[in-house]
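Observations on chain architecture
The lines below spell out each chain.
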Amino acid sequence: MSRPTYAVIGAGSRGAGYADFIRNHPEIGTVTAVADPREHYRRNLAQQFAMAEENVFADWRELLDRPRLADAVIIATPDSLHTGPAIAAAQKGYHILLEKPMAPTDDECRRIIAAVQAAGKLFAVCHVLRYTDYTTRFRELVQGGAIGDLVSLQHLEPVGFWHQAHSFVRGNWRNESESSFMLLAKSCHDLDWIRFLIDSPCRRVSSFGNLYHFRPENRPPNAADRCLDCPVEPSCPYSAKRSYLGLIERGSTGWPVNVLTPDPTVESVTQALREGPYGRCVYACDNDVVDHQVVNLEFAGGQTAVFTMTAFHPGGHRQTRAFGTRGYIEGDGETLKHFDFLTCRWQTVDTRSGDASITGGHGGGDFRLMQRFTAAVAAAVAGEPLEAAARGILSGPDETLETHLTVFAAERARRQGTVETVSRR
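A short tour of the structure in this document, coming up. (Residues numbered from 1 in each chain as written. Predicted model: local features only at pLDDT ≥ 70, side-chain atom pairs only at ≥ 80, totals over all residues. Heavy atoms only, no water.)

1. Focus on the sheet that holds strand β11 (residues 319-324)
Across the sheet, which stays open at both edges, the nine strands sit in the order β14-β13-β12-β11-β7-β10-β9-β8-β15 with mixed pairing between neighbours. Both outer strands of the open sheet, β14 (345-350) and β15 (420-421), are each paired with one neighbouring strand and no more. Those strands touched by helix α8 (residues 182-198) are β7 (150-158), β9 (292-299), β10 (304-310) and β11, and its axis lies near 155 degrees from that of β7. In the packing of helix α14 (residues 397-416) onto the sheet, the strands contacted are β8 (202-210), β9 and β15, and the crossing angle to β8 comes to about 45 degrees. (Pairing = 2+ DSSP bridges. Helix = DSSP H or I, 4+ residues; strand = E, 2+ residues; numbered from the N terminus. Contact = heavy atoms within 4.5 Å. Axes fitted to C-alpha atoms, helices over the stretch in contact; angles between N-to-C directions.)

2. Topic: the nonpolar core
Grouped together as the largest cluster of nonpolar side chains are 70 residues, with contacts concentrated most on L63, I96, M102, I112, F123 and F138. Looking at which element gives the most residues to this core, the answer is α8, with nine residues. Apart from the residues within four sequence positions on either side, F138 is in contact with W193, L197, T320, A322, I329 and L336. The next biggest cluster of nonpolar side chains, apart from the first, holds 33 residues, and it includes F21, Y41, L45 and A380. (Core = buried A, V, L, I, M, F, W, Y, C linked by side-chain atoms within 4.5 Å. Buried < 20%, exposed > 50% of the residue type's maximum accessible area, 1.4 Å probe, protein only.)

3. Observations regarding the environment of D133
Examined against the element boundaries, D133 turns out to sit in helix α6 (residues 133-143). Separated by 198 residues in sequence, D133 and G331 place their C-alpha atoms 13 Å apart.

4. What to know about the sheet that holds strand β2 (residues 30-35)
Spatially, six strands are ordered β3-β2-β1-β4-β5-β6 in an open sheet, and the strand pairing comes out parallel. Looking along the sheet, the strands with just one partner apiece sit at the ends: β3 (56-57) and β6 (123-125). Pairing of β2 with β3, which is carried by two bridges, proceeds in the parallel orientation. Note on β3: the bridge partner recorded for V34 is V56.

5. Observations regarding the pairing of β8
The pairing of β8 with β9 spans eight bridges and is antiparallel. Within β9, the position partnered with F208 by the bridge is V294.

6. Regarding the pairing of strand β12 (residues 327-331)
Residues in a regular strand project their side chains so that they alternate between the two faces of the sheet. Burial runs high along β12: four of the five residues are buried. Between β12 and the antiparallel strand that follows it, strand β13 (residues 335-340), lie three residues; G333 among them carries a positive phi value of about 90 degrees.

Okay, here's the thing in structure tokens:
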């Protein structure tokens, strides 16, 4: 039986990372085509897989205009550029792995799902938090009755001061018109995860938040437009010079410095800070996404949840507290602590993953996602019915659309000061 084949649309850090999983596990398949407008990124991936020149494209349209070049496609373009390739790939008959979020509007999300369901092919969204060992154990405790009935949940997404500055003030997700709003770009993961843990559809939401700090009026006196020229840079916690050159000095050339330049050195990073967007003062950027937000959720089963996203934190793993009728769980993304009301005893469950690679990211969720998606593709290529092949996919079309619609409802609530009912379709 021939190995499954994959095409990659968007060969940046996420797309290349998923392709790297396939390269490290050649028994599961190979990557036969790539599309990316940036020559360095598409050539790098093409060389790794010794692709035929005619299968290397600068534009995804060129790839998808051709007769089908692979069994499945991995779509990891910028958020605002998901809809076109996703619908075209579905119509062409590809199985699809789509980076989250699906699309920047609810209408586009619905159109993607309609195309996928009409095509009758596998579809998975990269809600990688569903796939971690940590989530598996957390869900087993809840569904196994360890805390009785789950009544309410508190969940924190600590974006981190430096990550906010990198991605959401200076970086690709800073401006809604170029990407999407913050809750969708960063935290659709989290609302999806909450729904997965509670295992009930969300019924109503409210939300509050704004862009509090990273604004021109908070700029220190005498601050320059760029950190390399700034007299107050040594006292600024958001210094690009300290952040990026400090990583280079410590020998770190991966994310986030490889976003500034594909070959990070002191010289290339300094040039990027001098000329590119990542060297700008955080108070002199064109950012407009919020830097803190809370979301209140009510579920169909009567459960409630509170979600907090904040830039103003050291950063690190998400933190969750689950309150039940017979017990309590608190988790930090690696370790779960369970308190039983009957015995008044604590139990600790350690789920830590030591893999720091891109597919080891999100507590191993990236690895598990790729493991399950490629297994599903192999089963479908071997002739298994779609429903059977898709059993290992935890982030399929129906629930993914539902949780995206929850995110859109929460953002409407924030903007309008309302309590929003969540649409099912």
